[in-house]
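# Descriptive analysis of the structure
Here is how the chains run, residue by residue.
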Amino acid sequence: MNIGEPWPDLDEAEARVLGMQTKLHQWATDDPKRRFDDLYNLVYDPAFLVVAWHRVRGNRGSRSAGVDGVAPRSVVFGAAELLGGLRDDLKARTFTPLPVRERMIPKTGGKLRRLGIPTARDRVVQAALKLVLEPIFEADFRPCSHGFRPGRRAQDAIAEIRHLTSVRYEWVLEGDIAACFDEIDHTALMDRVRRRVGDKRVSGLVKAFLKAGVLSEDGIERGTDTGTPQGGILSPLLANIALAVLDDHFAEVWEGEMATTWERKKRRNHGHPNYRLIRYADDFVVVIHGERADAEALRQETAAVLATVGLRLSETKTTIVHVDEGFDFLGWRIQRHRKRGTAKHFVYTYPSKTSLGKVKAKVKALSRQGRNEPLSEMLHRLNPVLRGWTNYFRHGVSKATFGYLRAYVWARVVNWLRHKHPRANWKWLRRHYLPGWWPTEGDVSLFDPNAVPITWARYRGQITDTTPWKPTALT
């Protein structure tokens, strides 16, 4: 994208932003106590604004408008004017974020989740802020945190859990934080932001977004005294900053009292537990080498740590289980079973029943009857769903599930074809739509879940830096 002078084109802007982010990350890594006092000029730097706009307009939410009614995807010819006005307002310090537009999204179990949609202008500024702040705070985040971080993924968290539960960390505290994005204490969050950011203009801008308010679906505007609206570009980073209090607590204990094999063995000989935290955004588990009573004590300890940032554990959803009972985490079922044909037991990870039920519901909705359309159009809708789901779960014991899904989606599509052509016999259907008994029209074929190869996600250990801004000697 090129939006004209004085703005750089996208390639030039991305190169400049990456170079500056690398410097910020290295400075933050070299000096863990450094506070950055001159960051605000980067927020309205043309290169940062161009990259921010490109990301805002290119993400999935670009079709949704905020309270101003302007969707980023609809801005075709006015990008230069939008960015120019934003830059002028930021330089003059007259920029004020508008309330987010609230939408209630259905959740599993019939409950609703609040989603906040900022305006296009606010999204660009949030994206620019994230470009500036993320390299700094990534230097402080712990390896146990995997969610919404560059170079990390849910499969890393699952692989770590599988590794630890296979080496006697058999009790599991599965934590659920109640209304995490709605209840984060602003004072505690801003205190953690200011530990690294000494520029009051930047911290003031972050606070302005936290206090911007919400316009509900019934048209009532209300203030936001706690939380960070889920749906904002900056919200996942702010949530990670707040939840780092939990990471720090467990990491300090691990590095101080359980740092070596000898120290961990000594603790067990004295009846003390060893434990590790694995967190993905607001979902986390604590795996424990000890007894159930140790897990109960850690539950209370975890609740006390979260209370310092205004958060609380859900009483009903926070559970303690043994790995032999199994538990669901990030869509996976994790459980220890006896290997068929042997007396040995191993920890297996495979898609949970809930996850399978969700993808089946999507397939059912996309293949419902009554749509008078070519088969190829339906396949174009189905294939991305099947491809994305199977790619997520291909790093586990998923072959049998993929085979079941293959049979299910085949039956749904064939049933759709038979209703579309009620007078056609099997011979006609096979000749027109089922070569080799597989649904195909033209050059479009139904995606085959069972053809996805199973590849184990390798446990990468306590990786400390997966960012694209790895510190190197500055010259």
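The preceding data block contains the structure.
What comes next concerns the included structure. (Residues numbered from 1 in each chain as written. Predicted model: local features only at pLDDT ≥ 70, side-chain atom pairs only at ≥ 80, totals over all residues. Heavy atoms only, no water.)

### Section: unusual backbone geometry
The test is simple: Runs of H or I in DSSP of at least four residues are treated as helices and runs of E of at least two as strands, each being numbered from the N terminus. The cut-offs for exposure are 20% and 50% of the maximum accessible area for each residue type, with area from a 1.4 Å probe on protein chains only; residues under the lower value are buried, those over the upper are exposed, and the others partly exposed.
Here Arg-93, not a glycine, exhibits a phi torsion of approximately 60 degrees, which is positive. As for its position among the elements, Arg-93 is in the loop between helix H4 (79-92) and strand S1 (100-106). Under the relative-accessibility criterion, Arg-93 is labelled exposed at 56%.

### Thoughts on the pairing of strand S11 (residues 345-351)
Operational definition: Pairing between strands requires that DSSP locate at least two bridges from one strand to the other.
Pairing of strand S10 (residues 332-338) with S11 involves 7 bridges; the strand directions are antiparallel. Each bridged residue has a counterpart across the sheet, and for His-337 the counterpart in S11 is Phe-346. What sits between S10 and S11 in their antiparallel hairpin is a turn of 6 residues, with Gly-341 showing a positive phi close to 85 degrees.

### Digging into helix H6 (residues 154-165)
Note the threshold: To estimate the expected span of a helix, subtract one from its residue number and multiply by 1.5 Å.
Along its 12 residues, H6 runs 17 Å from first to last C-alpha, staying within 8% of the 16 Å computed at 1.5 Å per residue. Those residues of H6 that sit buried are Ala-154, Gln-155, Asp-156, Ala-157, Ile-158, Ala-159, Glu-160, Ile-161, Leu-164 and Thr-165.

### Let's talk about the environment of Glu-81
Inspection of the secondary structure puts Glu-81 in helix H4. Glu-81 gets classed as exposed once you look at its relative accessible area, which sits at 56%. Each C-alpha atom, one on Glu-81 and one on Glu-263, is 61 Å from the other, the two residues being 182 residues apart in sequence.

### Observations regarding the pattern of salt bridges
Should their charged atoms come close, side chains of opposite charge can pair. Counted only if it meets this: Salt bridge, as applied in this entry: a Lys or Arg side-chain nitrogen positioned within 4 Å of an Asp or Glu carboxyl oxygen.
Summed over all chains, the structure comprises 25 salt bridges. For Arg-194, the salt bridge identified is with Asp-191, shortest N-O distance 3.9 Å. Pair noted here: Arg-194 and Asp-191 are both in helix H8 (residues 186-194), with a separation of 3 residues, about one helical turn. On the accessibility criterion, Arg-194 (33% relative accessible area) is partly exposed. Ionic pairing is found between Arg-279 and Asp-247, a salt bridge with its closest N-O pair at 2.7 Å. Here Asp-247 lies in helix H10 (residues 235-257) and Arg-279 lies in strand S6 (residues 274-280), a separation of 32 residues in the sequence. Connected via shared salt-bridge partners are Arg-142, Arg-192, Asp-248, Glu-252 and Glu-255.

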